[in-house]
Amino acid sequence: DQQVKQNSPSLSVQEGRISILNCDYTNSMFDYFLWYKKYPAEGPTFLISISSIKDKNEDGRFTVFLNKSAKHLSLHIVPSQPGDSAVYFCAAPDPYGNKLVFGAGTILRVKS
Amino acid sequence: DAGVIQSPRHEVTEMGQEVTLRCKPISGHNSLFWYRQTMMRGLELLIYFNNNVPIDDSGMPEDRFSAKMPNASFSTLKIQPSEPRDSAVYFCASTGTSVNEQFFGPGTRLTVL
């Protein structure tokens, strides 16, 4: 049972344009969400997070939006740069345990 | 700080052989996680430890998989016997007081022929 879903395996965007990565969740008890970025041959690294008391969190070119009623969050990257090309994972802390539940990831390719 | 250290970075072995993956968490972190990344399932949590004690091993796929954490600075994930379907990248991660920011190692790419 996938509690965190990233339904787009890949996304291709032109440099300078907006990248929008989507994530859906099923567990209404999730109250915090994170995005991790992973480059080839490296481990995932924390990128940005959002608490369920907010609907938006911005950090430079990265903004995460949360729609609790739709159980949906999205990561916006504006403007996209070739160095943003990576795998992006959406995650949420399991309310019952000390662990994170990850989505399957979306491969982002930013073309120059 | 050197971050989470994993060894080996790459492992190629033949079906039936024993494989041992190693992890050194960040000093002072008290939780350690083993993940497997595959194209089909993304990042799967296999097992995690808190203060060297296994807390949740429900993600361990079969009895062929075992993990130990004999002390706060070392953990192993063992597969015996290995099978081709075990081929994946295995990550170790650690965290301190907040589970939210896990720090990942560079991973071990395992290929079982």
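Here, the structure is the one placed above.
The text that follows walks through the structure, step by step, so that each part is easy to find. Only a predicted model underlies this, so the values are computations on that prediction, with no experimental measurement involved.

What follows deals with the state of the cysteines. Scanning the entire structure with this criterion turns up 2 disulfides over all chains. Across a sulfur-sulfur distance of 2.1 Å, Cys23 of chain A and Cys90 of chain A are joined as a disulfide pair. Handedness here is read from the sign of the S-S torsion; for Cys23 of chain A and Cys90 of chain A, about -75 degrees, the answer is left-handed. Of this pair, Cys23 of chain A sits in strand S3 (residues 19–25) while Cys90 of chain A sits in strand S9 (residues 86–93), and the two are 67 residues apart along the sequence. Residues Cys23 of chain A and Cys90 of chain A agree in their burial class; the two are buried. Across a sulfur-sulfur distance of 1.9 Å, Cys23 of chain B and Cys92 of chain B are joined as a disulfide pair. Between Cys23 of chain B and Cys92 of chain B, the S-S torsion sits near -65 degrees, and that sign places the bridge as left-handed. With Cys23 of chain B in strand S3 (residues 19–24) and Cys92 of chain B in strand S9 (residues 88–95), the pair connects residues that are 69 residues apart, well separated along the chain. Each member of the pair, Cys23 of chain B as well as Cys92 of chain B, carries the same accessibility label: buried.

Now for the pattern of salt bridges. Two side chains carrying opposite charge are able to pair once their charged atoms lie near each other. Tallied over the full model, the rule gives 11 salt bridges over all chains. A salt bridge links Lys99 of chain A to Asp56 of chain B, with the shortest nitrogen-to-oxygen separation between them at 2.6 Å. A residue pair is termed interchain when its members come from two chains, as with Lys99 of chain A in the loop between S9 and strand S10 (100–102) and Asp56 of chain B in strand S6 (residues 53–56). Taken as a pair, Lys99 of chain A and Asp56 of chain B share a single burial class, namely buried. Note that Arg64 of chain B and Glu83 of chain B form a salt bridge whose closest N and O atoms lie 3.5 Å from each other. Residue Arg64 of chain B is found in the loop between S6 and strand S7 (65–71), and its partner Glu83 of chain B is found in the loop between strand S8 (74–79) and S9; the two are separated by 19 residues along the sequence. Residue classification places Glu83 of chain B among the partly exposed residues on the basis of a relative accessible area of 22%. Where salt bridges share partners, they join Glu62, Arg64, Glu83, Arg85 and Asp86 of chain B into one cluster.

Listed per partner, the contact involves 18 residues of chain A and 21 residues of chain B. For the chain A and chain B pair, buried surface summed over both sides reaches about 1600 Å², with 58% attributable to carbon and sulfur atoms. Taken together, the links from chain A to chain B amount to 1 salt bridge. The interface formed by chain A and chain B holds 3 residue pairs in polar contact (both at pLDDT 80 or more) in total. Of all elements in the fold, only strand S4 (32–38), S9 and S10 of chain A reach the threshold of two or more residues within the side of chain A that touches chain B. If one sorts the elements of the side of chain A that touches chain B by residue count, S4 of chain A sits on top with 4 residues. For the side of chain A that touches chain B, the residue count by class is 11 nonpolar, 4 polar and 3 charged.

Core analysis: the biggest nonpolar cluster contains 24 residues, and Phe33, Trp35, Leu73, Leu75 and Tyr88 of chain A have the highest contact counts within it. Secondary-structure elements contributing two or more residues to this core are S3, S4, strand S5 (45–51), strand S7 (62–67), strand S8 (72–77), S9 and strand S11 (106–111) of chain A. Beyond its immediate chain neighbours, meaning those up to four positions away, Tyr88 of chain A contacts Gln6, Leu21, Trp35, Tyr36, Lys37, Leu47, Leu75, Ile77, Gly105, Thr106 and Leu108 of chain A. With 21 residues, the next largest nonpolar core counts Val19, Leu46, Met60 and Tyr90 of chain B among its residues.

Residue and element names in this part refer to chain B. Counting buried positions along strand S5 (residues 42–50) yields 8 of 9 residues, so the element is predominantly enclosed. Direction of pairing for strand S4 (residues 31–38) relative to S5: antiparallel, over a ladder of 8 bridges. The residue bridging Phe33 from the neighbouring strand is Tyr48, located in S5. What sits between S4 and S5 in their antiparallel hairpin is a turn of 3 residues. Counted between consecutive antiparallel strands, the loop separating S5 from S6 contains 2 residues, among which Asn51 sits at a positive phi close to 50 degrees.

Definitions and cut-offs
Residues numbered from 1 in each chain as written. Chains lettered and ligands numbered in written order. Predicted model: local features only at pLDDT ≥ 70, side-chain atom pairs only at ≥ 80, totals over all residues. Heavy atoms only, no water. Disulfide = S-S within 2.5 Å. Helix = DSSP H or I, 4+ residues; strand = E, 2+ residues; numbered from the N terminus. Buried < 20%, exposed > 50% of the residue type's maximum accessible area, 1.4 Å probe, protein only. Salt bridge = Lys/Arg side-chain N within 4 Å of Asp/Glu carboxyl O. Contact = heavy atoms within 4.5 Å. Buried area = accessible area lost by both parts, 1.4 Å probe. Polar contact = N/O pair within 3.5 Å; in protein donor to acceptor, adjacent residues only side chain to side chain. Nonpolar A, V, L, I, M, F, W, Y, C, P; charged D, E, K, R; others polar. Core = buried A, V, L, I, M, F, W, Y, C linked by side-chain atoms within 4.5 Å. Pairing = 2+ DSSP bridges.

The values reported here are purely geometric and, on their own, carry no functional implication.
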